[in-house]
Amino acid sequence: MNKKELHKSILEKIESKDFVVGIFGLGYVGVPLSLRFNQVGFKVIGFDIDEYKVKAINKGKTFFRHIDESIVQEAVSKGFMATSDFSNVSKCDALIICVPTPLNKYKEPDLSYVTQTVDNFVPYLREGQIVSLESTTYPGTSEEEILPRLESTGMKVGRDLYLVYSPEREDPGNEGFNTNTIPKIVGGHTEDCLAIGSLLYSKAIDTVIPVSSTKVAEMTKLLENIHRAVNIGLVNEMKVVADKMNIDIFEVINAAATKPFGFTPYYPGPGLGGHCIPIDPFYLTWKAKEYNLHTRFIELSGEVNESMPKYVFDKINSGLNVNGKSLSSSKVLILGLAYKKNIEDMRESPSITIMEYLRSSDCKVDYSDPYIPEFPKMKHHHFDLNSIELTQKNIASYDAVVLATDHDSFDYDFILKHTRLLIDCRGKFDPNLSNVIKA
């Protein structure tokens, strides 16, 4: 089959949905995307090296609170299956990579999850497959890391195989958007790659925005998240200044937000969390060095955001001192382990960093989070703790309570009523109250 005939046959298979979609990484991105493709009539195979996830999916179980189990069960009944066996790659027409892209200890990109995934499926590649990378990364990754691996088979991208980059834009816990309503950026290595990738995603996503290259798509994702990181860094710095001037930064932001143009409200907190915002800026700063560029603005915002957990710790310490208590003789309760409200995701959560500071000062620290009943095993952090029930007796037993994550399920009036000292990182309480300290 020549190039033109192959291209036409793939488009026809996508239109008829006689097209098997393989999704690698059954996490916050991979599972919703798998369910969406399944819902619109595609056969979906999910790949993950975590056998717990594979078994859970195949039993119709969910491991995310924001995904209802009935949706997973319906998907399984319609053919959705999970596996750790990469030989199933040969059955797939699309291979969509949704694996983590963390930083190493030197704050350099760690693409090992991506490259290992590709290396694992390369032996099973066949003519006519499309490979899409959704993991956040630096501009050039698709061309520099994925393309050579695909063409090591002797097949050529744009003729025998197709390569696109389409960054994930999931926002767990945001009820205003879901997988199909969030517009999808797609960049292709060639025009044929772009055409096939755009058509495939258009069958599951309401709006698809094609761009001229994989590099443009990769840079687009970084700009989105760096925009947030820089603006959060700005407002976190403003918070520190406002606090010194005895000004409530939340009142300032809400007042500024009444301007109908030229201002977008961003709110301060105890630091950045999640897999994207604290990490993605460093992907660009690292890549920029290859061009002898120093991204000062981006790096400065990173320094400000990374300093916030220590700022909160200092606020806790000074508040306890005013009450005649030292850290080593105090009990502190952290409200919320998740990096943002109404989800169970703890990745890069500033709450954990605050807890580490407290523990290193011999402070007794506990937490309460309705989404995380038990502190899970983590690579770099370990606390042998379970979530504390927020009873009157329990709350009153702590020398300080720190609101780190503002879950909607917290009874804030009840917490305030029974708290001796409340360190508020989210602007939920009146800062003029005698037992409230802004942080």
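See the structure shown above.
Residues numbered from 1 in each chain as written. Predicted model: local features only at pLDDT ≥ 70, side-chain atom pairs only at ≥ 80, totals over all residues. Heavy atoms only, no water.

### Focus: the sheet that holds strand 10 (residues 364–368)
In spatial order, the strands read 10-9-11-12-13; together these five strands make up an open sheet with parallel pairing. Two strands lie at the open edges of the sheet, namely strand 10 and strand 13 (436–438), each paired on one side alone. The mean angle between the axes of side-by-side strands here comes to 25°, regardless of whether they run parallel or antiparallel. Pairing between strand 9 (residues 331–335) and strand 10: five bridges, direction parallel. If you follow Val 332 over to strand 10, its bridge partner there is Val 365. (Pairing = 2+ DSSP bridges. Helix = DSSP H or I, 4+ residues; strand = E, 2+ residues; numbered from the N terminus. Axes fitted to C-alpha atoms, helices over the stretch in contact; angles between N-to-C directions.)

### Notes on the environment of Ser 349
The residue Ser 349 is located in the loop between strand 9 and helix 12 (350–360) in this model. Residue class for Ser 349 comes out buried when judged on its relative accessible area of 3%. With residues near it in sequence (within four places) discarded, Ser 349 still touches Gly 273, Leu 337, Ala 338 and Tyr 339. (Buried < 20%, exposed > 50% of the residue type's maximum accessible area, 1.4 Å probe, protein only. Contact = heavy atoms within 4.5 Å.)

### Side note on the packing of helix 8 (residues 214–244) against helix 11 (residues 296–322)
The contact between helix 8 and helix 11 brings their axes to 8 Å, and the two run at 45°. Taken as axis vectors, helix 8 and helix 11 run oblique relative to one another. Crossing angle aside, the handedness with which helix 8 passes helix 11 is left-handed. On helix 11, the residues that touch Ile 226, Ala 229, Val 230, Ile 232, Gly 233, Asn 236, Glu 237, Lys 239, Val 240 and Asp 243 of helix 8 are Phe 297, Ile 298, Ser 301, Val 304, Asn 305, Met 308, Tyr 311 and Lys 315. Looking at the contact of helix 8 with helix 11 residue by residue, the classes come out as 10 nonpolar, four polar and four charged. (Parallel < 35°, antiparallel > 145°, perpendicular 65-115°, else oblique. Left-handed = near helix turned anticlockwise from the far one by under 90°. Nonpolar A, V, L, I, M, F, W, Y, C, P; charged D, E, K, R; others polar.)

### Observations concerning the sheet that holds strand 5 (residues 130–133)
One open sheet accounts for eight strands, arranged 3-2-1-4-5-6-7-8; its pairing is mixed. The sheet terminates laterally at strand 3 (81–83) and strand 8 (208–211), the two strands that pair on one side only. Strand after strand, the sheet turns through a mean of 25° between neighbouring axes, direction not considered. In the packing of helix 5 (residues 112–121) onto the sheet, the strands contacted are strand 1 (20–24), strand 4 (94–97) and strand 5, and the crossing angle to strand 4 comes to about 160°.

### Focus on the side chain of Thr 214
As for its placement among the helices and strands, Thr 214 is situated in helix 8. Owing to a relative accessible area of 1%, Thr 214 belongs among the buried residues under this scheme. Excluding residues that lie within four positions of it along the chain, Thr 214 makes contacts with Ser 142, Glu 143, Leu 163, Val 164, Tyr 165, Gly 187, Gly 188 and His 189.

By themselves, these observations are geometric and do not establish any function.
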